[in-house]
Each structure stands twice: as structure tokens, then as C-alpha cells.
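Here is how the chains run, residue by residue.
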Amino acid sequence: MSVSYYTAEGLQKLKDELNHLQTHGRTDIAKQIAEARDKGDLSENAEYDAAKDAQGLLELKIAKLEVVVGNARVIDESQIDTSKASILSTVKIKNKKNGMEVKYTLVAEEEADLKAAKISVKSPFGKGLLGKKVGETAIVEAPAGKIEFEILEIGLA
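Colleague: Now, about the nonpolar core: what can you tell me, with residues and values included?
Modeller: Y6 and L14 are the most contacted members of the largest nonpolar core, which has 17 residues in total. Among the elements of the structure, α1 (8-37) and α2 (46-70) are those that each provide at least two residues to this core. Once residues lying within four places of it in the same chain are set aside, the contact partners of Y6 are L11, L14, V68, A72, R73, V74, I75, A108, E110 and E111. With 13 residues, the next largest nonpolar core counts Y104, A138, F149 and I151 among its residues.

Colleague: Explain the packing of aromatic side chains residue by residue, including any values.
Modeller: Applying the stated rule across the entire model yields two aromatic pairs. Between the aromatic rings of Y104 and F125, the centroid separation amounts to 5.4 Å while the plane-to-plane angle is 75°, which identifies the pairing as edge-to-face. You can see Y104 sitting in strand β4 (residues 101-107) and its partner F125 sitting in helix α3 (residues 124-129), a full 21 residues away along the chain. Ring geometry for F125 versus F149: centroids 5.1 Å apart, planes at 65°, classification edge-to-face. One end of the pair, F125, is in helix α3; the other, F149, is in strand β7 (residues 145-156), and 24 residues separate them in sequence. Its relative accessible area of 6% is what places F149 among the buried residues.

Colleague: Now, about the sheet that holds β7: what can you tell me, with residues and values included?
Modeller: Pairing is mixed in the open sheet, where five strands are placed in the order β5-β4-β3-β7-β6. With partners counted over all chains shown, the strands left at the sheet margins are β5 (118-120) and β6 (137-142), one partner each. Neighbour-to-neighbour, the strand axes of the sheet open up by a mean angle of 45°, direction not taken into account.

Colleague: So what's going on with the pattern of salt bridges? Which residues, and what values?
Modeller: A complete count under the given rule lists seven salt bridges for this structure. A salt bridge links E59 to R26; the nearest nitrogen and oxygen atoms lie 2.8 Å apart. Of this pair, E59 sits in helix α2 while R26 sits in helix α1, placing them 33 residues apart in sequence. Judged by relative accessible area, E59 falls into the partly exposed class, the value being 31%. Accessibility expressed as a relative area gives 34% for R26, which makes it partly exposed. The residue E101 makes a salt bridge to K92 at a minimum N-O spacing of 3.5 Å. Assessed through its relative accessible area of 41%, E101 is described here as partly exposed. A relative accessible area of 23% means that K92 is categorised as partly exposed.

Conventions used here
Residues numbered from 1 in each chain as written. Predicted model: local features only at pLDDT ≥ 70, side-chain atom pairs only at ≥ 80, totals over all residues. Heavy atoms only, no water. Core = buried A, V, L, I, M, F, W, Y, C linked by side-chain atoms within 4.5 Å. Buried < 20%, exposed > 50% of the residue type's maximum accessible area, 1.4 Å probe, protein only. Helix = DSSP H or I, 4+ residues; strand = E, 2+ residues; numbered from the N terminus. Contact = heavy atoms within 4.5 Å. Phe/Tyr/Trp six-rings, centres within 6.5 Å; stacked < 30°, edge-to-face > 60°. Pairing = 2+ DSSP bridges. Axes fitted to C-alpha atoms, helices over the stretch in contact; angles between N-to-C directions. Salt bridge = Lys/Arg side-chain N within 4 Å of Asp/Glu carboxyl O.

All quantities given are derived from atomic positions and should not be read as evidence of function.
Written as C-alpha cells, this is what we have:
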């Protein structure tokens, strides 16, 4: 897996989630398995099977998060080039068709939150904006077809 870049806040959220799953998540699953085991014959115990399946899924999620956190790097905001759109850039764009202006911050996939105007650099939208400079046109592949945006401003988040 490749290195992914995060804000300090985004990486902390991932570490907190991992810690929660390793402590509370495992404890909860262990209780469920113990309760199901107390109900008798394990060969015909659907609750026990469900709890064991949940345990497997939890361990898989923990393993994936451990890899993500292990390959995560915090971005030094002082090193970000604001002459072009890159990760952690806040980009103000204008839809050339309808004139609507919006501002988005380009972030790592796990930090994406459309309600907070944070879009993933791996999304079609993020890919269309990456590397563009003020005044350039970004063409984004959307489900409805290609959309053209003019880059109005680039700054830091």
C-alpha cells in the first residue's frame, strides 16, 4: 500500500477510531461470544455464529486501519505550493455552464466529507482539479457528463 497524506486532525481521527475498535470493539465482541456460548449447543447456535462472524469482520477492519495508519504521513502545510491545486488546497471554482461558484478543500480519501466541503483527491472531481492553476479550466467527469470549471482561487485550508 502506498503512503497517504493527511492533516494532523484527520490522522488523529483514524488513530482514535483504531484505538476504539481495538479496545471497546474487541471487548463488546468478546461479551457477545461469551453470552452466545452460555446458551448451549454451539453447533445449532445462530447467535454464536453471528458473533464469530462479527469478530472476523472487526479484526479485518482493525488490520486494514493499522495498515492505513502505518502508511500515513502528516502534511506540512508550509510546504504546500498554492500556485496549483494539490492536497490540502482550498480551491474556489466556477461552473462555466451555470456560473455557480463553490469552494472545496482537497483531502485524502478517508477525510472526505462533502457536507464540510472536503473532497477526495482520488474522486473524479478531485482528480479533475489536481494540478490546475488559477485561470485554468478543469474538466470533471461526472455521471451526467463532462463539466467545465474555471479555477478562481487557490489557498490553504
